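The lines below spell out each chain.
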Amino acid sequence: IYYIYDVLCSWCYGFSANMHQFYENHKDEIDFRVMSGGMVLGQNEGPIGDLAPEIKASFSRVEEMTGRPIGEPFKEMLEKGEAKLSSLPGALAMAAFRTYQPDNAIAFAKRMQEAIYQEGLPPAEAKTFGHCAEDFGMNATDFMKLMVDKERLELVRTEFEVVKKWGITGFPAMVYQEKDKAYLIARGYQSLESLEENLKRIKEGV
């Protein structure tokens, strides 16, 4: 199963608890891989204060629909409007972490999004993700050095292109692959029950 998300995606934040439980339910029978989608790159990067009003309004809908609260520190950061938004640092962090602790990648994705959406840590600064890596027994300074490796940057850019070629433009998304066939399990936020039903239906049809 490929879990395609973006560290900045608020719906992915809302989905992360369901995704983590789904992983726990199936990790012994299915291989999981986390991929970063690259939602905010290039000309779309910029201060959080520049977000369109409808995007700012969507945060309350995420809370209502998913039951995952967004912390006051994030709301203060949003109000202040200065923090930079870029999907690249979070994707580099995931690529670095995945190399060393692949079995914890889904937990790390969840942790990174909590750092942003609960603790209000800067979404595009390496130290935010170094702080998260410490929770998994890694040294923050060493981890930040791993993030800026040149080969890591090339890997992440390729990953963004693969996601684009797959036609996945919204996050979160989940793809189940069985040999040479692939099936979409989720596009957008899904309840845990819905994920389980979708997986069951796909496996029965394979």
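What comes next is a walk through the structure. Fair warning: this is a prediction, and the values are worked out from it, not measured in the lab. (Residues numbered from 1 in each chain as written. Predicted model: local features only at pLDDT ≥ 70, side-chain atom pairs only at ≥ 80, totals over all residues. Heavy atoms only, no water.)

1. Section: the overall build of the protein chain
Thinking step 1. A count of helices and strands for the protein chain gives nine helices and six strands.
Thinking step 2. Projecting the C-alpha coordinates of the protein chain onto the three principal axes gives extents of approximately 50 × 40 × 30 Å.
Thinking step 3. Taking all 206 residues of the protein chain together, the buried fraction comes to 48%.
Thinking step 4. Accessible surface computed for the protein chain: about 10500 Å², of which carbon and sulfur atoms make up 48%.
Thinking step 5. For the protein chain, the distance from the average site of its 24 positive side-chain charges to the average site of its 32 negative ones is 4 Å. (Helix = DSSP H or I, 4+ residues; strand = E, 2+ residues; numbered from the N terminus. Buried < 20%, exposed > 50% of the residue type's maximum accessible area, 1.4 Å probe, protein only. Areas by Shrake-Rupley, 256 points an atom, 1.4 Å probe, with all protein chains shown as cover. Lys, Arg positive; Asp, Glu negative; His and termini not counted. Charge placed at Lys NZ, Arg CZ, Asp CG, Glu CD.)

2. Considering the pairing of strand 5 (residues 173-178)
Thinking step 1. Here three bridges tie strand 1 (residues 2-5) to strand 5, and the two strands are oriented antiparallel to one another. From the neighbouring strand, I4 faces strand 5, where its bridge partner is A173.
Thinking step 2. Pairing of strand 5 with strand 6 (residues 181-187), which is carried by six bridges, proceeds in the antiparallel orientation. Among the inter-strand pairings, E178 is bridged to a residue of strand 6, identified as K181.
Thinking step 3. Hairpin geometry of strand 5 and strand 6 is characterised by an intervening segment of two residues between the two adjacent antiparallel strands and by a positive phi of about 55 degrees at K179. (Pairing = 2+ DSSP bridges.)

3. Thoughts on the packing of aromatic side chains
Thinking step 1. Scanning the entire structure with this criterion turns up 16 aromatic pairs.
Thinking step 2. Plain terms: the ring middles of Y3 and Y5 are 5.6 Å apart, the flat faces sit at 25 degrees to each other, and that makes the pair stacked.
Thinking step 3. The exposure class of Y3 is buried, given its relative accessible area of 1%.
Thinking step 4. Overall, Y5 belongs to the buried group, its relative accessible area being 0%.
Thinking step 5. Consider the rings of Y23 and F32, whose centres lie 5.0 Å apart with planes at 85 degrees: the pair is edge-to-face.
Thinking step 6. The class for Y23 is buried, based on a relative accessible area of 10%.
Thinking step 7. Here a set of aromatic residues connected by ring pairs shows up, and it is made of Y3, Y5, W11, F15 and Y189. (Phe/Tyr/Trp six-rings, centres within 6.5 Å; stacked < 30°, edge-to-face > 60°.)

4. Some remarks on the pattern of salt bridges
Thinking step 1. For the structure shown, the criterion picks out 13 salt bridges.
Thinking step 2. Ionic pairing is found between E45 and K84, a salt bridge with its closest N-O pair at 4.0 Å. Of this pair, E45 sits in the loop between strand 2 (33-36) and strand 3 (46-47) while K84 sits in strand 4 (residues 84-85), and the two are 39 residues apart along the sequence.
Thinking step 3. Salt bridges sharing common partners tie together E63, E72 and K75. (Salt bridge = Lys/Arg side-chain N within 4 Å of Asp/Glu carboxyl O.)

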